[in-house]
Amino acid sequence: VTLWGGRFAEEPADELWRFTVDESDRRLLGDDVVGSLGHVAMLEVVGIIDEEDADAMRMGLRTIGTEAAEGSFEWKDTDEDVHTAVERRLGELIGDTAGKLHAGRSRNDQVGVDLRLYLKRSGATRIEEIEGMVEVLADKAEAVGDTIVASYTHLQQAQAIPLAHHFLAYAWMLLRDRDRFADMLRRIDVSPLGAGASAGSRLPLDPAVSAAMLGFSDVFHNSMDAVGARDFVSEYAYCCAQTMVTLSRLAEELVIWSTSEFGWVVLSDRFTTGSSAMPHKKNPDAAELARGRSAAVIGDLVALLTLQKGLPLTYNRDLQEDKRGVFHADDTLAGALRVMQAMIPSGDFDPPEPTAMVGALDLAELLVSRGVPFRSAHEAVGRLVMRLAAEGRALDDATAGELEATHVQLVPEDVTSLTAPASVAARQSPGGGSMESVAAQLDAVRRHLGQS
Ligand code: ARG
């Protein structure tokens, strides 16, 4: 069944059918039914159809909705797309009255409303999952207490920090990913229904009626924009891609941390896999796949942007391809969020202390607090580090005498401030790697979780 047979003397060729029909829109079935119910309500309110017809269509559409929910809806190879399938099925259920459904509507505004309904819902679920992930990180930050590790720059040990500070960095990144989803959803929350094929209709449509009935906060202002724009799809994919990149970076940390070289974490047996060849291996495959799959989600975003860049307004069949990309991005993100959220709590974190060299900046800052210009302090401590490193000694191996020789402003007691725990204990600046900051961050993160 096509919705456009009248103008054609011949049936579509198999090759054309196989090339143009894309079953990935089948998951819009429930939303197509809901969108159609919104359209029926509007047609009735403005008097294009009478109550009897509207009731018949509502009844048929509800039956299709049930079939969709139960998974019993029967697709036909001859259904060109989800919209055709619903109209075909409605005809089977209520007869000729089904032919009145498409008045004042086009598949161009219809597919827009379906996809927006779908993404509003899936976006809300992704937000909940991201928040679940933030919670897991906050819990882990709390659980590791005052465990101290090094922060890294250039993957070289930088400063001593509470491990919790590192977890919370990801909590903040993910909160921004959550906020991006929420902000993007406001722009998706605009109904395009009533835009028709491209320029509206000579029928007295009232798009505000179907928009309100479908729970949209706003309605389109320009019919060409409504049916031609897909920035809401690429923006959704961007939110997925950015969140995948956050997860990918965290996954990379887990991969590094679980090496025997780092030895920060032992991932649970339930979230690691073995080697078919090497009996000793325990591999962080879930983290690696989360990292690896971010590549294809970035690809989805690039494909969606490229899909739009050369299209004249309004609808072009190219746009059918948007669903495949955005569904793939969304599904991939959902899978990665679920596995990472389950994997992190199961990790047993017991990192070795960083080398005491991470106190070098502390020593320089100690001199600054005694009036020494930072540049000379840096130079003096640098010379001490060079000497110690040449002898294979760490900063906290420095003797009181060596300290005094480093700079006249240093006193023998300063030796006690050279360890990593002393460095963390002395950290003062807000938002820095101190236990006070970690406590404040935990409060703030949990507060942010309460308000999306
Ligand atoms: N299957 C189409 C899509 O996903 C629905 C809109 C078709 N519109 C049209 N004029 N052929 O984009």
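In this text the structure is predicted, and so the values were computed from the model without any measurement.

## Quick word on the site of the ligand
Alright, step 1. Close contacts around the ligand come from Asp81, His83, Arg107, Asn108, Val111, Tyr315, Gln320 and Lys323, and that covers them all.
Alright, step 2. Asp81 is positioned such that a nitrogen or oxygen atom in its side chain is 3.3 Å from a nitrogen atom of the ligand.
Alright, step 3. When the ligand sits alone it has 340 Å² of accessible area, and the protein chains cover 88% of it.
Alright, step 4. No other element matches the three residues that helix H5 (residues 107–143) contributes to the shell around the ligand.

## Structural notes on the pattern of salt bridges
Alright, step 1. Using the criterion set out here, one finds 36 salt bridges in the structure.
Alright, step 2. With a shortest N-O distance of 2.7 Å, Arg107 and Asp81 are connected by a salt bridge. Within this pair, whereas Arg107 is found in helix H5, its partner Asp81 is found in the loop between helix H3 (51–70) and helix H4 (82–94), the two being separated by 26 residues in sequence.
Alright, step 3. Residue Arg88 pairs with Glu92 through a salt bridge whose shortest N-O separation is 3.0 Å. Placement of the pair is Arg88 and Glu92 together in helix H4, with a separation of four residues, close to one helical turn.

## Digging into the packing of aromatic side chains
Alright, step 1. According to the stated counting rule, one finds eleven aromatic pairs in the structure shown.
Alright, step 2. Centroid distance Tyr152 to Phe262: 5.6 Å. Interplanar angle 40 degrees. Geometry classified as tilted. On the criterion of sequence distance, the pair formed by Tyr152 in strand S1 (residues 148–153) and Phe262 in the loop between helix H9 (231–257) and strand S5 (265–266) is long-range, its members being 110 residues apart.
Alright, step 3. The class for Tyr152 is partly exposed, based on a relative accessible area of 26%.
Alright, step 4. Here the aromatic cluster, defined as three or more aromatic residues joined through ring pairs, consists of Tyr152, Phe167, Trp257, Phe262, Trp264 and Phe349.

## Comments concerning the nonpolar core
Alright, step 1. Core analysis: the largest hydrophobic core is formed by 90 residues, its most contacted members being Met133, Leu137, Phe181, Leu247, Leu254, Trp257 and Met340.
Alright, step 2. Among residues more than four places away in sequence, those in contact with Leu137 are Phe167, Tyr170, Ala171, Leu174, Leu250 and Ile344.
Alright, step 3. Membership of the second largest hydrophobic core comes to 16 residues, among which are Leu363, Ala377, Ala394 and Leu395.

## Some thoughts on the pairing of strand S2 (residues 156–162)
Alright, step 1. Sheet topology note: the S1/S2 ladder contains five bridges and is antiparallel. Directly across from Ala150, in S2, lies its bridge partner Ala160.
Alright, step 2. The antiparallel hairpin formed by S1 and S2 contains two residues in its connecting segment, where His154 sits at a positive phi of about 55 degrees.

## Focus on a nonpolar patch on the surface
Alright, step 1. Together, Leu361, Val368 and Phe374 give the surface a local cluster of nonpolar side chains, amounting to about 200 Å² of exposed area.
Alright, step 2. Along the polypeptide, Val368 turns up in helix H12 (residues 360–369).
Alright, step 3. Judged by its relative accessible area of 35%, Val368 falls in the partly exposed class.

## Re the side chain of Thr314
Alright, step 1. Its location among the elements puts Thr314 in the loop between helix H10 (285–309) and helix H11 (321–346).
Alright, step 2. If we skip the residues at most four places from it in the chain, Thr314 touches Ala197, Ser198, Met224, Val227, Gly228 and Leu319.

## Digging into the environment of Cys239
Alright, step 1. Checked against the element boundaries, Cys239 lands in helix H9.
Alright, step 2. Owing to a relative accessible area of 3%, Cys239 belongs among the buried residues under this scheme.
Alright, step 3. Linking Cys239 and Ser217, residues 22 residues apart in sequence, is a C-alpha distance of 21 Å.
Alright, step 4. Excluding residues within four positions of it along the chain, Cys239 makes contact with Arg180, Phe181 and Met184.

## Considering the packing of H5 against helix H6 (residues 163–188)
Alright, step 1. Close contact between H5 and H6 brings their axes to 9 Å; oriented N to C, the two are set at 165 degrees. With respect to H6, the axis of H5 lies roughly antiparallel. The chirality of how H5 crosses H6 is left-handed.
Alright, step 2. A per-class count over the contact of H5 with H6 returns 20 nonpolar, one polar and eight charged.

## Here's the deal with H10
Alright, step 1. A rise of 1.5 Å per residue sets the reference length of H10, with its 25 residues, at 36 Å; its end C-alpha atoms lie 37 Å apart and thus fit the reference within 8%.
Alright, step 2. Listed in full, the buried residues belonging to H10 are Ala286, Ala287, Ala290, Ser294, Val297, Asp300, Leu301, Leu304 and Leu307.
Alright, step 3. Where the residues of H10 are buried, they touch H9 and H11.

## Considering the packing of H10 against H11
Alright, step 1. Two elements in contact, H10 and H11, have axes whose closest approach is 9 Å; the angle formed by their N-to-C orientations is 160 degrees. In terms of orientation, H10 lies roughly antiparallel with respect to H11. Crossing geometry of H10 relative to H11 is assigned as left-handed. Of H11, the residues touching H10 (which contributes Ala286, Ala287, Ala290, Arg293, Ala296, Val297, Asp300, Leu304 and Leu307) are Glu321, Asp322, Gly325, Val326, His328, Ala329, Thr332, Ala336, Val339, Met340 and Met343.
Alright, step 2. Here the residues of the contact of H10 with H11 are counted per class, giving 13 nonpolar, three polar and four charged.

## Side note on unusual backbone geometry
Alright, step 1. With an omega dihedral of 5 degrees, the bond running from Leu313 to Thr314 counts as a cis peptide bond.
Alright, step 2. Even without glycine at this site, His154 takes up a positive phi of about 55 degrees.
Alright, step 3. Among the residues examined, His154 registers a relative accessible area of 74% and is labelled exposed.
Alright, step 4. Here the phi dihedral of Leu155 falls at roughly 55 degrees; this positive angle occurs in a residue that is not glycine.
Alright, step 5. With respect to the helices, strands and loops of the structure, Leu155 is situated in the loop between S1 and S2.

## What to know about helix H16 (residues 435–450)
Alright, step 1. Over its 16 residues, H16 runs 23 Å from end to end, which matches the ideal 22 Å to within 8%, given 1.5 Å per residue.
Alright, step 2. Taken together, the buried positions of H16 are occupied by Ser437, Val438, Gln441, Leu442, Ala444, Val445 and Leu449.
Alright, step 3. Contacts made by the buried residues of H16 are with H5, S2 and H6.

## Let's talk about the side chain of Asn108
Alright, step 1. By the secondary structure assignment, Asn108 is in helix H5.
Alright, step 2. For Asn108, a relative accessible area of 15% corresponds to the buried category.
Alright, step 3. Among the polar contacts listed, one links the side chain of Asn108 to the backbone oxygen of Ala197, at a separation of 3.1 Å.
Alright, step 4. Discounting chain neighbours no more than four positions away, the residues touching Asn108 are Gly196, Ala197, Val227 and Tyr315.

Conventions and cut-offs
Residues numbered from 1 in each chain as written. Predicted model: local features only at pLDDT ≥ 70, side-chain atom pairs only at ≥ 80, totals over all residues. Heavy atoms only, no water. Near = heavy atom within 4 Å. Polar contact = N/O pair within 3.5 Å; in protein donor to acceptor, adjacent residues only side chain to side chain. Areas by Shrake-Rupley, 256 points an atom, 1.4 Å probe, with all protein chains shown as cover. Helix = DSSP H or I, 4+ residues; strand = E, 2+ residues; numbered from the N terminus. Salt bridge = Lys/Arg side-chain N within 4 Å of Asp/Glu carboxyl O. Phe/Tyr/Trp six-rings, centres within 6.5 Å; stacked < 30°, edge-to-face > 60°. Buried < 20%, exposed > 50% of the residue type's maximum accessible area, 1.4 Å probe, protein only. Core = buried A, V, L, I, M, F, W, Y, C linked by side-chain atoms within 4.5 Å. Contact = heavy atoms within 4.5 Å. Pairing = 2+ DSSP bridges. Patch = residues over 30% accessible without salt bridge, like charges linked within 9 Å, V, L, I, M, F, W, Y side chains within 5 Å. Axes fitted to C-alpha atoms, helices over the stretch in contact; angles between N-to-C directions. Parallel < 35°, antiparallel > 145°, perpendicular 65-115°, else oblique. Left-handed = near helix turned anticlockwise from the far one by under 90°. Nonpolar A, V, L, I, M, F, W, Y, C, P; charged D, E, K, R; others polar. Expected span 1.5 Å × (residues − 1).

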